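Coordinates in review
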Amino acid sequence: MMTRRMRTEHDSIGEMDIPAEADYGIHTARAVENFPITGIPLREFPVLIESLAAVKEAAAQTNFELGLLEQEHADVIIRAAREIRAGRHHEHFLVDMIQGGAGTSTNMNANEVIANRALELSNQQRGAYDVISPNDHVNLSQSTNDVYPTAVRIALHKSLSGFRIELARLADAFGAKGVEFAPLIKMGRTQMQDAVPMTLGQEFMAFSHTLQEDVERLGEAQSLIREINLGATAIGTGINAPPGYAELACKHLAVIAEVPVITAFDLVEATSDTGAFVQLSGVMKRTATKLSKICNDLRLLSSGPRAGFGEINLPAMQPGSSIMPGKVNPVIPEVVNQVCFEVIGGDVTVTMAAEAGQLQLNAFEPVIAYRLLRGIDMLRNACLVLRERCVTGITANADRMRYFVEHSIGIVTALDAACAASVVLEDNPIFNAGTGEGQAIGIDVGYDDLACAGLVGQLLVHLECVVQAGDIGRVAARQQAAGGRDRDAPTQRRLAVGGGAGAGAALAKAQRF
């Protein structure tokens with residue numbers, strides 16, 4: 001059996017054996033032992049690793065230009081950082097995403113991997129830190145307290161760009177369905193009760209517009225993330241960083257990371273403040289809440305399909321039961337619901353972590369970074385899945401929706417404002433429902449043609465109201481004679497019979513149905 005080759009590294013606590021081929025070092029190894037928390041290492045978030053490498057590259061270039069770093073060291077550090085930004089060496093980023101130390105273990109993991117790779121590029125042995133040191137060279141003019149939050153902000157900015165694209169595509173998909181479903185009438189509902197007619201197109205277009213709003217809100221939060229504290233070092237005073245370092249490092253980072261970062265006006269404030277993270281988390285919660293509500297609606301509208309609403313059909317993705325044959329569940333909206341629950345809960349974590357910071361530093365940025373980066377990834381994937389595997393394949397059951405409209409009292413409201421004559425339904429068991437009191441329902445008829453009269457007649461038939469023209473006239477006459485004493489002025493006006501040939505034709509037409 002072969003014995004694994006090891007190298008021994010030292011720190012202020014003692015020494016540890018590290019695998020000889022490992023690009024990480026003793027600080028990373030201690031963190032792996034100390035923080036077996038989530039089982040999710042840094043390598044699961046390549047955008048954060050690449051952002052860390054971008055910060056290290058910008059720092060090396062700045063230190064070289066300011067005369068603090070020799071060219072031979074700067075060159076290999078920059079080469080190593082660029083390899084990491086290209087996706088190499090990520091397997092050596094082992095520290096758990098949730099860790100104590102305000103991100104120090106993450107920063108040191110990056111420092112060690114870059115240092116050891118730079119040593120390789122210099123034809124030196126890994127661990128020869130007297131030649132290229134993780135602290136003295138790779139971390140020169142830096143502190144975890146400015147490197148880590150800056151890298152997190154770069155990673156969030158890049159992740160948000162991808163999320164906003166997918167959210168916009170999902171909004172467009174709902175909009176396309178809104179156009180497709182524009183001619184299809186259905187019953188709108190409030191408080192789970194029939195309200196007034198609308199079109200299915202209007203319903204889906206509303207989904208589109210509410211999501212498009214959040215594409216813009218996320219953009220606003222993204223702009224706040226661009227403010228960085230690189231150059232602040234430990235607490236914002238810039239100790240151990242030369243004059244001009246912050247501005248020059250920011251300039252280089254903007255080019256390297258392709259993110260228009262700016263240096264915060266007050267680096268002490270920027271080092272302790274996590275307000276931009278709280279703002280972003282709140283917008284993510286808002287988006288998740290909207291997405292979850294939409295998925296609730298999709299599940300409800302597609303429920304049944306025979307004993308529920310059954311107004312739309314979601315694409316069948318997989319069999320829905322191990323015991324009930326033929327059952328198909330709305331699994332895509334369901335999984336998106338769960339993503340949204342996760343993000344909404346994550347907002348509470350971010351809020352508490354932000355509040356828990358003390359004095360000049362927040363030690364809990366690792367959990368903030370984890371929840372935000374994880375939440376953005378999940379929301380992006382959820383938008384993609386919802387669009388591709390659900391929304392684009394939704395179909396409508398036009399006949400069923402029209403049936404609900406024609407059999408709902410909600411159509412009365414739709415006709416109310418358009419007409420001038422009044423048709424009153426009174427003493428009808430459908431409307432009295434055992435109250436023993438006569439209830440008058442006004443249906444306003446406003447056009448002097450048979451089309452309107454036919455509409456009224458169809459309404460009466462579909463509501464199963466046996467109304468004779470004489471009954472309508474009797475109720476209207478009684479209201480006129482009473483002068484509307486028991487009704488308010490708007491109701492009097494609505495119940496006033498318009499008279500004329502048009503009204504008479506409408507009543508006559510209604511009687512024939």
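Note that the structure is a prediction, hence the values are computed from the model and not measured.

1. Examining the pairing of strand 1 (residues 6-10)
On strand 1, burial follows the alternation: Arg7 and Glu9 on one face are buried, whereas Met6, Thr8 and His10 on the facing-out side are not. Taken together, the five bridges between strand 1 and strand 2 (residues 15-19) define a ladder with antiparallel strand orientation. In the strand pairing of strand 2, Glu9 is matched with Met16. Where strand 1 folds back on strand 2, the antiparallel hairpin that results is connected by four residues.

2. Topic: empty space enclosed by the protein
In this structure the tally under the stated criterion is two cavities of 30 Å³ or more. Lining the largest cavity are Ser281, Met284, Glu342, Val343, Gly346, Asp347, Arg371, Leu372, Arg374, Gly375 and Met378. The dominant element in the lining of the largest cavity, judged by the number of residues it contributes, is helix 12 (residues 365-389), at five residues. By residue class, the composition of the lining of the largest cavity is four nonpolar, three polar and four charged.

3. Considerations on the layout of surface pockets
By volume, the largest pocket amounts to about 490 Å³. In terms of lining residues, the largest pocket is bounded by 27 residues, among which Ser302, Pro305, Val328, Asn329 and Pro330 are the most central. When residues of the lining of the largest pocket are traced back to their parent elements, those giving at least two are helix 10 (275-301), strand 7 (312-313) and helix 11 (331-355). Top contributing element to the lining of the largest pocket by residue count: helix 11, with four residues. Of the residues assigned to the lining of the largest pocket, the class counts are 13 nonpolar, nine polar and five charged. By volume, the second largest pocket is sized at about 320 Å³. Along its surface, the second largest pocket is lined by 19 residues, and Arg189, Glu203, Lys293, Asp297 and Leu301 are the ones closest to its centre. Breaking the lining of the second largest pocket down by element, the ones donating at least two residues are strand 3 (185-190), helix 7 (200-225) and helix 10. Here the element with the most residues in the lining of the second largest pocket is helix 10; it accounts for six residues.

Definitions and cut-offs
- Residues numbered from 1 in each chain as written.
- Predicted model: local features only at pLDDT ≥ 70, side-chain atom pairs only at ≥ 80, totals over all residues.
- Heavy atoms only, no water.
- Buried < 20%, exposed > 50% of the residue type's maximum accessible area, 1.4 Å probe, protein only.
- Helix = DSSP H or I, 4+ residues; strand = E, 2+ residues; numbered from the N terminus.
- Pairing = 2+ DSSP bridges.
- 1 Å grid on protein atoms, 1.4 Å probe; cavity = no way out; pocket = protein on both sides within 12 Å on 5 of 7 lines; lining within 4 Å.
- Points joined across faces, edges and corners; volume = space filled by probe spheres on them.
- Nonpolar A, V, L, I, M, F, W, Y, C, P; charged D, E, K, R; others polar.

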